[in-house]
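Take a look at the letters that make up each chain.
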Amino acid sequence: MALKPQQPVPALDLPLVIDTRFDLAEQRPRAFTMLVFYRGLHCPVCKGYLQELNEKIGQFRDLGVTAVAVSTDTEDNAKTAWKVWNLGDLPIAYGLPIAQARDWGLYISKGIKEDEPERFSEPGLFLVKPDGMLYAASVNSMPFSRPHFDDVATAIGFVTDKGYPARGEA
């Protein structure tokens, strides 16, 4: 079931690769918490996507956005991705249970190659307001056609400047 804007999002409390935790309920961004769900270490598209986000993390902070990348990956795989992909500035949460990924409306895939996990979530990007309500969501059933971070940043600048309301809740 798809989440709807202006409705509360599911809880999200997961470990981070830096040996702390990310708890969505504790986030107090000026504008949004941006959750970027990715497929995992096995995904070369995810590598480039998260590297781009890591390069733009300061731009998002300046817009009042706290960003975090989330996957169903194991601790070892998440720490390997963080290190090998050089994602030092990007918080990486791992260990998302498949049932919780479904709560977020993410598509679930079965591994078809040796290096893929048995099951993992497909990508999604969610903007969550400081009160825990969903503002916007983009969910993919494949690793391709994700929102471009420049477009997301431009949109965030516009909606925060103009007080543009969430859409799609009807």
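Residues numbered from 1 in each chain as written. Predicted model: local features only at pLDDT ≥ 70, side-chain atom pairs only at ≥ 80, totals over all residues. Heavy atoms only, no water.

Student: Help me out: how do you make sense of the sheet that holds strand E9 (residues 134-139) in this one?
Tutor: As a general point, the strands of a sheet are linked pairwise by backbone hydrogen bonds and lie either parallel or antiparallel. Strand order in this open sheet of five strands is E5-E4-E3-E8-E9, and the pairing throughout is mixed. At either end of the open sheet lies a strand with only one pairing partner, and these are strand E5 (92-93) and E9. Note that strand E4 (residues 65-70) and E5 share two bridges and pair parallel. The residue of E5 that forms the bridge with Val70 is Ala93. In this fold helix H4 (residues 149-162) packs onto strand E3 (32-37), E4, strand E8 (124-128) and E9, with an angle of close to 160 degrees to the strand it touches most, E3. (Pairing = 2+ DSSP bridges. Helix = DSSP H or I, 4+ residues; strand = E, 2+ residues; numbered from the N terminus. Contact = heavy atoms within 4.5 Å. Axes fitted to C-alpha atoms, helices over the stretch in contact; angles between N-to-C directions.)

Student: What is the right way to read a nonpolar patch on the surface from this model?
Tutor: A cluster of nonpolar residues, Val45, Met142 and Phe144, forms a patch on the protein surface that exposes about 270 Å² of accessible area. Within the element layout of this structure, Met142 appears in the loop between E9 and H4. (Patch = residues over 30% accessible without salt bridge, like charges linked within 9 Å, V, L, I, M, F, W, Y side chains within 5 Å. Areas by Shrake-Rupley, 256 points an atom, 1.4 Å probe, with all protein chains shown as cover. Salt bridge = Lys/Arg side-chain N within 4 Å of Asp/Glu carboxyl O.)

Student: Help me understand the nonpolar core, please; the structure alone is not making it clear to me.
Tutor: Side chains of a nonpolar character, in soluble globular proteins, are inclined to be buried together. Ranked by internal contacts, the top residues of the largest apolar core, which has 32 residues, are Met34, Leu50, Phe60 and Ile92. Every element with two or more residues in this core is listed here: E3, helix H1 (44-62), E4, helix H2 (75-84), E8 and H4. Counting residues per element, this core draws most heavily on H1, which supplies six residues. Those residues within four positions of Phe60 in sequence are excluded, and the remaining contacts are Met34, Leu53, Val65, Phe149, Val152, Ala153 and Ile156. One finds Leu12, Val68, Val70 and Leu134 within the second-largest nonpolar core, a separate group that totals 18 residues. (Core = buried A, V, L, I, M, F, W, Y, C linked by side-chain atoms within 4.5 Å. Buried < 20%, exposed > 50% of the residue type's maximum accessible area, 1.4 Å probe, protein only.)

Student: What should I look at first to understand the side chain of His42 in this one?
Tutor: Turning to its location among the elements, His42 is positioned in the loop between E3 and H1. Accessibility expressed as a relative area gives 12% for His42, which makes it buried. For His42, the contacting residues outside a window of four places in its chain are Asp115, Glu116, Pro117 and Phe120.

Student: Help me understand the pattern of salt bridges, please; the structure alone is not making it clear to me.
Tutor: When the charged atoms of two side chains lie near each other, side chains of opposite charge can form a pair. Throughout the structure, instances matching the rule amount to five salt bridges. In this structure, the salt-bridge partner of Lys79 is Asp19, at a minimum N-O distance of 2.9 Å. Residue Lys79 is located in helix H2, and its partner Asp19 is located in the loop between strand E1 (13-15) and strand E2 (21-23); the two are separated by 60 residues in the primary sequence. Asp19 gets classed as exposed once you look at its relative accessible area, which sits at 59%.

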